[in-house]
Amino acid sequence: RVPAAAVALLAVMSVFGADGPAHDAAREAFQAALTLWEGIDALNEDLRQELNEPLRIGIGLHVGVAVVGTEWTGSLEGMPFLGDTGNVAARLEAQTKRLGATLIASKEAVLMAAGVPNDLTFAPVMLAGKQEPIEVLCFRDSDALRQLVGAAASG
């Protein structure tokens, strides 16, 4: 248990598809986002009596090319990646609170994972450092993400 006065901010960046088709990478990223979301929901249920308000997460998901490598800093090993893909994903995550969403995914990511879904409405969002808005899909409940993941798995 963590004292109520303790505050921690955690940012995790994950890369998918280092050795496979891009559409598989996009599907794996959406599945990982769903698994994380369901885990937070379960944790909130377990801690319902102890939390003043539920724990929240924000996830940004984008696809594209990145340069990935291994980096050693002292005794720590990391796997940084360079390129616009990670920057866009991080900026989408930063928009989740403002837009009241748990996950914001770029249109490119959705289309790569699930093809061309008929019933989805994308919205333009301006991101820092971008000249043009990026089309995104906001997920405010896990059922919508679960449906997308199911459609991607069968597609």
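Up top is the structure these notes are about.
What counts, and where the lines are drawn
Residues numbered from 1 in each chain as written. Predicted model: local features only at pLDDT ≥ 70, side-chain atom pairs only at ≥ 80, totals over all residues. Heavy atoms only, no water. Pairing = 2+ DSSP bridges. Helix = DSSP H or I, 4+ residues; strand = E, 2+ residues; numbered from the N terminus. Salt bridge = Lys/Arg side-chain N within 4 Å of Asp/Glu carboxyl O. 1 Å grid on protein atoms, 1.4 Å probe; cavity = no way out; pocket = protein on both sides within 12 Å on 5 of 7 lines; lining within 4 Å. Points joined across faces, edges and corners; volume = space filled by probe spheres on them. Nonpolar A, V, L, I, M, F, W, Y, C, P; charged D, E, K, R; others polar. Contact = heavy atoms within 4.5 Å. Core = buried A, V, L, I, M, F, W, Y, C linked by side-chain atoms within 4.5 Å. Buried < 20%, exposed > 50% of the residue type's maximum accessible area, 1.4 Å probe, protein only. Axes fitted to C-alpha atoms, helices over the stretch in contact; angles between N-to-C directions. Parallel < 35°, antiparallel > 145°, perpendicular 65-115°, else oblique.

Moving on, we come to the pairing of strand β8 (residues 134-139). Of the strand pairs in this sheet, strand β6 (residues 103-106) and β8 are connected by four bridges, and their pairing is antiparallel. If you follow Ile104 over to β8, its bridge partner there is Cys138. With three bridges connecting them, strand β7 (residues 123-125) and β8 associate as antiparallel partners. Paired with Val125 across the strands is Ile134, a residue of β8.

Counting across every chain of the model gives five salt bridges. We note a salt bridge from Arg27 to Asp24, for which the minimum N-O separation is 3.8 Å. Note that Arg27 and Asp24 are positioned in helix α1 (residues 22-46) at a spacing of three residues, about one turn of the helix. As a salt-bridge pair, Asp143 and Arg146 come within 2.5 Å of each other at their nearest N and O atoms. Of this pair, Asp143 and Arg146 both sit in helix α4 (residues 142-154), three residues apart, roughly one helical turn.

What follows concerns the layout of surface pockets. Computed from the structure, the second largest pocket encloses a volume of approximately 190 Å³. If you trace the second largest pocket, you find eleven residues lining it, with Asp119, Leu120, Ala144, Gln147 and Leu148 closest to the centre. Listing elements by their share of the lining of the second largest pocket, those giving two or more residues are β8 and α4. Looking at the lining of the second largest pocket, the element that brings in the most residues is α4, giving four residues. Split by residue class, the lining of the second largest pocket holds nine nonpolar, one polar and one charged.

For the rest of this paragraph, the subject is the side chain of Gln95. Residue placement: Gln95 occurs in helix α2 (residues 84-99). Apart from the residues lying within four places of it in its own chain, the contact partners of Gln95 are Ile104, Val125, Met126 and Leu127.

Looking now at the nonpolar core. Grouped together as the largest cluster of nonpolar side chains are 23 residues, with contacts concentrated most on Phe30, Leu61, Leu103, Val110, Phe139 and Leu145. Counting only elements with at least two residues in this core, the list comes to α1, β1 (59-61), β6, α3 (107-114), β8 and α4. Take this core: its biggest share by element is seven residues, from α1. In this structure Leu61 touches Ala29, Phe30, Ala33, Leu92, Leu103, Ile104, Ala105, Ser106 and Ala109, once residues within four positions along its chain are discounted. If you look at the next biggest cluster of nonpolar residues, it comprises eight residues, including Val88, Ile104, Leu127 and Ile134.

Next up on the list: the pairing of β6. Judged by which residues are buried, β6 turns out to be covered on both faces: Leu103 and Ala105 on one side and Ile104 and Ser106 on the other are all buried. Here β1 pairs with β6 via three bridges, running parallel. The partner of Gly60 across the bridge, within β6, is Ile104.

The strand order β1-β6-β8-β7 describes an open sheet built from four strands, whose pairing is mixed. Here the strands that pair on one side only, and so sit at the sheet edges, are β1 and β7. Neighbour-to-neighbour, the strand axes of the sheet open up by a mean angle of 35°, direction not taken into account. Sitting on the sheet, α2 touches β1, β6, β7 and β8, and the angle it makes with β6 is about 135°.

The description of two helices packed together rests on the angle between their axes and the distance between the axes. At their nearest, the axes of α1 and α3 sit 8 Å apart, and the two run at 105° to each other. Judged by the inter-axis angle, α1 sits roughly perpendicular to α3. Only Ala109, Val110, Met112 and Ala113 of α3 make contact with α1, whose side of the interface consists of Ala22, His23, Ala26, Arg27 and Phe30. When its residues are assigned to classes, the contact of α1 with α3 shows seven nonpolar, one polar and one charged.

Structural measurements only, silent on function.
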